[in-house]
Every structure is written in C-alpha cells, then in structure tokens.
There are 2 protein chains.
Amino acid sequence: MATVGSSCLGCPMDPVLKAVTGRWTTTILWNLSTESPLRFGELMGLMPAISAKVLTDRLRMLEQNGIVLRTQKSTIPPEVSYELTTHGQDLHQALRSLHEVALKWNAEGWVPGQGFPEDQVARAAE
Amino acid sequence: MATVGSSCLGCPMDPVLKAVTGRWTTTILWNLSTESPLRFGELMGLMPAISAKVLTDRLRMLEQNGIVLRTQKSTIPPEVSYELTTHGQDLHQALRSLHEVALKWNAEGWVPGQGFPEDQVARAAE
DNA sequence: CAGGATCCAGGGAGATACTG
DNA sequence: CAGTATCTCCCTGGATCCTG
C-alpha cells in the first residue's frame, strides 16, 4: 500500500500532475478557486496573455477530467460560466499553499532563473 | 498590493509555477521532499521513465532557481547528491497537499482524460 | 557514476480568421 | 459573447553516443 513517504514508483501523482499543472492550467484553477463562477471572458481578462484557443483547450481538458464544471445558457449572446466541481475543490489547499510560496519567494527577492539574492551573490563571488 | 483573493493580474504565481511544475519537475521535488539527500542514480531509480538528460536539465534548473542544492564529492567514481534548500522546503506543504489529492482521486476511481466514475456514466447516458 | 553533446520528432502554444 | 478551425513555429522530451 502507499505509505507515507512512499516514492513515486507507481505512485499516483504523475497523472494528476499532468492534469492540474502545465502552462496556464494551474493559473486557471487558482482563479476559479478564489472566485467562481467565472465567465469565459472574465477568465480571459484575468489572464491577458492567454489566447482564446488555449483557454478553451485547457477548460475542455479540465472539464473532461471532472475538475471543472461548465454551465451554459443558450441565450443570445451566449453566457458560459465555469467553476470547480466538488472534486476540483480538493485542490484548494494545494493551490493556496502554492500561492503562499509564491508570495513568500517574491518578498524574498526570488528571480526566475537566478534564484534568491544569496544565490546571486554566491554566483558573483566566483 | 497583493491582497488575499487577488486575481492573477500581475500576481507572482506564474514564474513560480513555471519553476516548480512541468513534466518531471514536481515529481523530482516530491521525491526530494520525502527523502533526501538522494543521489543522481537513486533519483533515476525512483523515476524509471525519465532519461538522464531530462533529469540533469531539471536538476540544473532547480539548482539555478535556488530550490535544490547539489553536493558533489570529487571522488572516483563521483558521488553527487541532491536535496531541497531551505527555500525549497517551502514547497513541502504544497507537495503534500498535491499528493493527498492524488491518493484521494485514485481511490475514487479517477481516470486521466475520463474523469471520475460519475462523469463516465453521465457521458455514457448521452 | 554522473554527466555533457547532438540530433531528432512531436506536440503544445500562439497568431489569425471565421461563426452560432 | 464564446467559441471553432487552421497553420506554423518553437520548445521539450527522448534516444544515442561519448567522457572525467
């Protein structure tokens, strides 16, 4: 059985990671976990750099995986909103933790690709 | 200021996500967070499907980002071990949460690309 | 043992244009 | 408004071979 401290030999993390991480995916989940339901256009507005195609792709994939619920009103203009399913809400804690780490590292002066200030001076000393 | 519940407009999650998620990266971090230090070959053994090149790439990137510490004994044969830095240990909670979700979803019959059992019967009913 | 160097193929991201 | 349909390009993962 999978005991605490078990390695990743046959551990179930891999497929889950594939489903919830990856470019944009985690950001979408974070947005939906802090505020929902959100409409398609609202999600676009929260992530200015994403394209409609990629957002659609990610949402479809998350929906397929039972993580996100899509609700569609067939009015004109159409109104579609997204929210986490009950299963998707299992991710709340993980997303919150990730967010906290992000805030902390930012406050500590972490720079993507360069690390923390200490790392940078250590590098400069060489 | 970044307040709690803030969206991802200029929020610091993106670069952090890039650094800690992605194929293999999170799995490596999980292994190092449950058991360390680990040698290069031990990491390989824990992730049979990874190639040496990718493992090296990921470790270098994590090292560059100040998340993983590389310790090298210049003996023959060489012995190199990896562990999380103190900053890297900030990820413990997030990794644990992710792992718990993975175990839960697995127990609930979640299938990558198909979702949960309920989703699958709902789909079959159409 | 722990890698560095190359080469290659595939897929995902992005831009653009169109639609119910 | 909320997509869909293509097309291209680049990046990443994987395989193979070589080395301190």
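Since this is a predicted model, take the numbers as computed values, not measurements.

A.B. asks: So what exactly am I meant to see when it comes to the overall build of chain A here?
C.D. replies: Scanning chain A for helices and strands turns up six helices and three strands. Its helices and strands in sequence order give chain A the pattern α-α-β-α-α-β-β-α-α, from N to C terminus. Relative to its length of 126 residues, chain A is extended, with a C-alpha radius of gyration of 18 Å against a globular reference of 14 Å. Projected onto the principal axes, the alpha-carbon positions of chain A cover approximately 65 × 45 × 20 Å. Taken over 126 residues, chain A has a buried fraction of 40%. Look at the contacts in chain A between residues 6 or more apart in sequence, and 44% of them connect residues 24 or more apart. Total accessible area computed for chain A in this model is approximately 6,500 Å², and 56% of it derives from carbon and sulfur atoms.

A.B. asks: Any chance you could explain the pattern of salt bridges here in plain terms?
C.D. replies: Where charged atoms of side chains with opposite charge meet at close range, the side chains can pair. Inspection of every chain in the model, using the stated rule, returns 10 salt bridges over all chains. A salt bridge links R96 of chain A to E100 of chain A, with the shortest nitrogen-to-oxygen separation between them at 3.6 Å. With R96 of chain A and E100 of chain A both in helix α5 (residues 92–107), this residue pair falls four residues apart, about one helical turn. Residue R96 of chain A is classed as partly exposed on the basis of its relative accessible area, which comes to 39%. Among the salt bridges present, the one from E108 of chain A reaches K104 of chain A, with a minimum N-O distance of 3.4 Å. By relative accessible area, K104 of chain A is classed as partly exposed at 37%. Beyond isolated ion pairs, a larger network of salt bridges with shared partners links D90 of chain A together with K104 and E108 of chain B.

A.B. asks: Explain the protein's contact with DNA strand C here, please?
C.D. replies: Not every one of the 17 residues close to DNA strand C is listed here, only the nearest: K53 and R58 of chain A together with F40, R70 and Y82 of chain B. Each atom of DNA strand C within 4 Å of the protein was classed as base or backbone; sugar and phosphate made up 69%. Between G41 of chain B and DNA strand C, the recorded distance is 3.0 Å, taken from a backbone N or O atom to a phosphate oxygen. Of all the secondary structure elements, the ones that give two or more residues to the surface near DNA strand C are α4 (52–64) of chain A together with α3 (40–46), α4 (52–64) and β3 (79–84) of chain B. Residues that form the surface near DNA strand C fall into these classes: eight nonpolar, two polar and seven charged.

A.B. asks: What is the right way to read the relation of the copies chain A and chain B from this model?
C.D. replies: Here the second copy of the chain follows from the first by a rotation about an axis and a shift along it. Its rotation angle being 180°, the transformation that places chain A on chain B also includes 0.0 Å of axial translation and leaves an RMSD of 0.0 Å. This pairing of chains is accounted for by a two-fold axis. Among all residues of chain A, the minimum C-alpha distance to the rotation axis is found for A94 of chain A, at 2.4 Å.

A.B. asks: I would appreciate a short explanation of the side chain of H87 of chain B in the present structure.
C.D. replies: Mapped onto the secondary structure, H87 of chain B falls in the loop between β3 and α5 (92–107). Since its relative accessible area comes to 11%, H87 of chain B is described here as buried. Within the local environment of H87 of chain B, its side chain forms a polar contact with the side chain of E118 of chain A, the two groups lying 3.0 Å apart. Not counting residues within four places of it along the chain, the set of residues in contact with H87 of chain B comprises W105, E108, F116 and E118 of chain A together with G66 of chain B.

A.B. asks: Just to check I follow, could you spell out the environment of K104 of chain A for this structure?
C.D. replies: Along the chain, K104 of chain A falls in helix α5. Linking K104 of chain A and L38 of chain A, residues 66 residues apart in sequence, is a C-alpha distance of 27 Å.

A.B. asks: Whenever I open this one, the interface of chain A and chain B confuses me. Can you help?
C.D. replies: Quite often, the size of an interface is put as the accessible area lost when its parts meet. Counting residues at the interface gives 58 residues for chain A, matched by 59 residues for chain B. When the two sides are added together, the surface that chain A and chain B hide from each other amounts to roughly 4,900 Å², 64% of it contributed by carbon and sulfur. The largest share of the area that chain A buries against chain B comes from M13, H87 and W105 of chain A, three residues that together contribute 12% of it. Taken together, the connections running from chain A to chain B amount to three salt bridges. The salt bridge involving D14 of chain B is made with R23 of chain A; its shortest N-O contact spans 4.0 Å. Our count for the chain A to chain B interface comes out at 20 residue pairs in polar contact (both at pLDDT 80 or more). The set of elements that each furnish at least two residues to the side of chain A that touches chain B consists of α1 (13–20), α2 (25–34), α3 (40–46), α5 and α6 (117–124) of chain A. Top element by residues in the side of chain A that touches chain B is α5 of chain A. It accounts for 13 residues. Grouping the amino acids of the side of chain A that touches chain B by side-chain chemistry returns 28 nonpolar, 21 polar and nine charged.

A.B. asks: Looking at this model, I keep getting lost on α4 of chain B. Mind explaining?
C.D. replies: Since there are 3.6 residues in each turn of an α-helix, residues three or four apart along the chain are aligned in direction. All names here are of chain B. Between its first and last C-alpha, α4 extends 18 Å over 13 residues, near the 18 Å set by a 1.5 Å rise per residue. Those residues of α4 not exposed but buried are L55, L59 and L62. Axial view of α4: buried residues confined to an arc of 65°, hence all on one face. Check the buried side of α4 and you find it contacts α1 (13–20), α2 (25–34), α3, β2 (68–73) and β3. A positive backbone phi angle near 70° is found at G66, which sits one or two residues after α4.

Conventions used here
Residues numbered from 1 in each chain as written. Chains lettered and ligands numbered in written order. Predicted model: local features only at pLDDT ≥ 70, side-chain atom pairs only at ≥ 80, totals over all residues. Heavy atoms only, no water. Helix = DSSP H or I, 4+ residues; strand = E, 2+ residues; numbered from the N terminus. Rg over C-alpha atoms; globule rule 2.2 N^0.38 Å. Buried < 20%, exposed > 50% of the residue type's maximum accessible area, 1.4 Å probe, protein only. Contact = heavy atoms within 4.5 Å. Areas by Shrake-Rupley, 256 points an atom, 1.4 Å probe, with all protein chains shown as cover. Salt bridge = Lys/Arg side-chain N within 4 Å of Asp/Glu carboxyl O. Near = heavy atom within 4 Å. Polar contact = N/O pair within 3.5 Å; in protein donor to acceptor, adjacent residues only side chain to side chain. Nonpolar A, V, L, I, M, F, W, Y, C, P; charged D, E, K, R; others polar. Least-squares fit on C-alpha atoms with pLDDT ≥ 70 in both. Buried area = accessible area lost by both parts, 1.4 Å probe. Expected span 1.5 Å × (residues − 1). Arc of directions from axis to C-beta.

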